[in-house]
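Structure at a glance
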Amino acid sequence: MDTSFFKTLAQDWWIYVIGGVVLLEAGALLVWWLASRARFRARLRKTAEGGKERRAEFLHRYPESVLLRRSRMIERMANSREEYAAIPHQLGITHLWVRRLSRRRRAGDFRRVLAFGGGEDLWPCFLLALGHPRQGERFLKWFEGKDAFYSLREMARAGGGEQFDGKKALALLKDSVDRVREMAGDPDWCVRHFAVNIILNDDSDHSRNALWDAFHDGAFQIRRLVVPSFVTGDSDRLYESLYDLVLHDAVFAVRKAARERIQREFSDRYHPNPASLASFEALHVLDLLTPGSETDRALALAALGQDKLELRASAARYLLREGILQRMVASAELGDRETFERHLRLLRNAAEVDVTGFLTEARGSGSPGALLMALKLLSTHGPRSLIPQVAERALRGLAGSEHQQELRAEALRAIEERGEEEALRLLFQEILARKTEYAEVSEMLQHVPSRGEELFADVALSLLRDEDFAAREGLVRLVARLPDHLVVPRLIDMVQDIHAQMPKRVRADAMRTLAAMRRPYILDFVLEHLYLLAADPARELAANLSAVHGQEFDEAVIRLIEGHDTSVRAAVISSLPATGKRDFLKMIRAAVDDADSSVRSAAISALVLFGDTRSLHHAVDRLRDPVEEVRIAAAEAIGRAGSDELILELKKCVDDENEVESVRLAALAGLGASEQDGATDLLIQALSAHEELSDPITDALARKTDPRRLGHLIDKFKDADSILREKLTLAFRRMGTAGQQALLGLLREEIGSLRPHVAQILDELGYVEATIRRLAHRDPIVRRDAAEKLSLVGTNAAFRGIVEAARDPDQEVRVQVVRALEKLSTAEGAEILNSLQADPERRVRKYTRWALERLKAKAL
């Protein structure tokens, strides 16, 4: 007997064990699978025979994935008996088949949906049938056995207006096209959309008539569908329909589709004129401007200049997309002011409808024109975050530019009007960097807005302590606006200066700031430190304190006048006239004889300001006071308020050669301070009579800079001999800038008898020559001012300078030249004009000819 088999079995027994286990498990799985199918079938049958509760229990037990796996079993059961036919729909598995069909396009699901689905479930089958001939045949076969119109309508509704290939659909439903065309009038827009999409590919007249009606369909989806695809031989009617849609359709998508088709097929016919359209029609036209079209760009620019905001907004958005607005900013040139202002108006119109994206063009620009244009707009519109970026370029990046002053002014205005914290910090940095430049810093301080005051408190107080800071008046006004709790305690510390570290000027400015704040809780402190203020601010403050505190103020004043500190006593006495309280006159008269010279001077001035003429004889006595300060105070008091008799007393002092020089000088100071014409006459007489005092007499005459006294002095000038004229000219020269401005003021008053003499004086002072040099300044504002001043002077020398500005690049300067030449229409002017045309310098003759040509052009 062969024992090899048993030996092998003994050796490999474990293999057979494993194989047996596997077979057993496979059998168990098969049994389980068969049992689960049987259970599913049994439960499905019970569910079909039961009610809603059984269906709910069934669906709760089996998830969607199981239902889809058992789709064939469900299908067979539904086909097995008529009463089971509704079970797929009742269980909702038809929707699962539709969903899977939309994803995977399975033929089995296609068959099941056709067999058991409702009309709303048929749409995925329709789409699948369009792309697969075999499924299309099955769809048509199913379709022939149904109520075609009803099934189609339900299917179209289920489509929900979804797009599909209409040409393939027409091929599929070619035998039912009449029914499809009838659906074009269905109340449901989804059904109409389905029908129109198909008949768009049908060439029959019936279909075309239905499509013409679709141009006015109530559903915009259908109008949008028919506009780009409708084919007709009647091009005129088609264009009119498309143009009507562009003008009147309420839906942008439809108007856009109509405009695009016009652009493709009728661009030569499309020339709308917004001016002849209603505003809403013009708005629709502007909404559909074509990118890159020069005609449309011109149309948009014209609309941007109109008043109606909606038209502006649409035009501005188009021009921004086209980059036109950005180029206006980038190409801005200050040499061509007319174009600059025109573009600025258009850009401002765009900004007013919140189209401001073009402003970013100026962010990194180095062009003065671009920066100025952006800043002018940013002060009212646009992103606030852009202000510090553009303002910094204007304030720091264009040093030496002829337009720097104008740029600085606009940058400061933008920061003041709309600047946020970053912009305000830029302003503060500029103030610190330019603290010694009076004009620039004064301008900057005026533009610190109230919302930036708390941010500025520390900076402002540090600048107040800095004696080198130039614009102190503006700084005092600004600090006085700051919140009390931020500045008052520190200002008091600065005034008291316990450690004696503050310069007197700084303490005075701190005191002036406190005075400007007018707080009622610092009465004694202010009066005790009144000596730090100049006379006029001290008087103004005293008047305010007296009005607020009344009796308390009076008691404090008496206490301080009776005190020991002479500086405090003098300051308080000097300020009292502003209060109008004559009860203090007795104390003031007594102070005229005080041991301290500053108190005596203050008392004399106070008596004059109080109008206490009865006490002015004290002032005459004080003309011989041993202290010069008192003598001058007495003389000026007599000059300002004295009678003719007392003015003659001053004249006697001047004429008395035995009088000490200091008294004579004090008397001259009094005559210089006097506002009486008699005092001016006496000084002119003394100028001729006392050669040894010509210098102080000239200084006294140089104080006559107010218009009335200056006019009287010029009256004397015109009748004077050559020697006296020369001396008076020196007085005019010593008047400095104030005198020059006063003389220009007299010219503006057009006083015929004075005009030639004022012009002569300005000429002799070198004012005309200096102003002509300003015509070459890089800043056009300076040149404009110079041209205006020269025109005002109107002498031959002035006009020689004016005609040289006839070719100035700035239009305003050229306008000033023409205005000046218009003044030469008189006989005197003709003489000046003839001299200019015959000037020995060729350049002057040439510029005169150019200027006259401009004048003639203006006349034409």
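Here we summarise the structure given alongside this text.

What counts as what
- Residues numbered from 1 in each chain as written.
- Predicted model: local features only at pLDDT ≥ 70, side-chain atom pairs only at ≥ 80, totals over all residues.
- Heavy atoms only, no water.
- Helix = DSSP H or I, 4+ residues; strand = E, 2+ residues; numbered from the N terminus.
- Buried < 20%, exposed > 50% of the residue type's maximum accessible area, 1.4 Å probe, protein only.
- Contact = heavy atoms within 4.5 Å.
- Areas by Shrake-Rupley, 256 points an atom, 1.4 Å probe, with all protein chains shown as cover.
- Patch = residues over 30% accessible without salt bridge, like charges linked within 9 Å, V, L, I, M, F, W, Y side chains within 5 Å.
- Salt bridge = Lys/Arg side-chain N within 4 Å of Asp/Glu carboxyl O.
- Lys, Arg positive; Asp, Glu negative; His and termini not counted.
- Charge placed at Lys NZ, Arg CZ, Asp CG, Glu CD.
- Expected span 1.5 Å × (residues − 1).
- Phe/Tyr/Trp six-rings, centres within 6.5 Å; stacked < 30°, edge-to-face > 60°.
- Lys NZ or Arg CZ within 6 Å of the ring centre and 35° of its normal.

Details of the overall build of the protein chain
Across its full length, the protein chain holds 54 helices and zero strands. Split into buried and exposed, the 860 residues of the protein chain put 50% on the buried side. Contacts in the protein chain between residues at least 24 apart in sequence constitute 65% of all its contacts with a sequence separation of at least 6. Counting every atom, the protein chain has about 42,000 Å² of accessible surface; 50% of that belongs to carbon and sulfur.

Here's the deal with unusual backbone geometry
Unlike most non-glycine residues, Asp354 shows phi in positive territory, near 65 degrees. Among the structural elements, Asp354 can be located in the loop between helix H23 (337-352) and helix H24 (368-378). Look at Asp354 and you get exposed, because its relative accessible area is 68%.

Section: a positive patch on the surface
A cluster of basic side chains, namely Arg41, Arg45, Arg72, Arg76, Arg103, Arg104 and Arg106, defines a positive patch on the protein surface. Among the elements of the structure, helix H2 (13-49), helix H5 (71-80) and helix H7 (93-104) are those that each provide at least two residues to the positive patch. On the secondary structure map, Arg72 appears in helix H5. Since its relative accessible area comes to 55%, Arg72 is described here as exposed.

Comments concerning helix H42 (residues 661-673)
Over its 13 residues, H42 extends 18 Å from the first C-alpha to the last, a length consistent with the 18 Å expected when each residue adds 1.5 Å. Among all positions of H42, only Val663, Arg664, Ala666, Ala667, Leu668, Ala669, Gly670, Leu671, Gly672 and Ala673 are buried.

Things to note about the side chain of Ser241
Mapping Ser241 onto the fold places it in helix H17 (residues 235-248). Given the relative accessible area of 14%, Ser241 is considered buried. Not counting chain neighbours up to four residues away, the residues in contact with Ser241 comprise Trp212 and Phe215.

Observations concerning helix H31 (residues 484-496)
One turn of the α-helix equals 3.6 residues, which is why residues spaced by three or four share an orientation. Here H31 contains 13 residues, and its C-alpha end-to-end distance of 18 Å stays within 8% of the 18 Å for a straight helix at 1.5 Å per residue. For H31, the secondary structure elements touched by its buried residues are helix H29 (453-465), helix H30 (472-479), helix H32 (504-517) and helix H33 (523-528). One or two positions beyond H31, positive phi appears at Asp497, with a value near 45 degrees.

Thoughts on the packing of aromatic side chains
Scanning all chains against the criterion turns up eight aromatic pairs. When the centroid spacing of 4.8 Å and the interplanar angle of 80 degrees are considered together, the rings of Trp212 and Phe230 count as edge-to-face. You can see Trp212 sitting in helix H15 (residues 205-214) and its partner Phe230 sitting in the loop between helix H16 (220-229) and H17, a full 18 residues away along the chain. By relative accessible area, which is 8% here, Trp212 ends up buried. Accessibility expressed as a relative area gives 1% for Phe230, which makes it buried. Among the aromatic residues, ring-to-ring pairing joins Tyr239, Tyr243, Phe266 and Tyr270 into one connected group. Note that Arg237 overlies the ring of Trp212, its terminal NZ or CZ placed 3.9 Å from the centroid. Its end group placed over the ring of Phe340, Arg337 keeps NZ or CZ at 5.8 Å from the ring centre.

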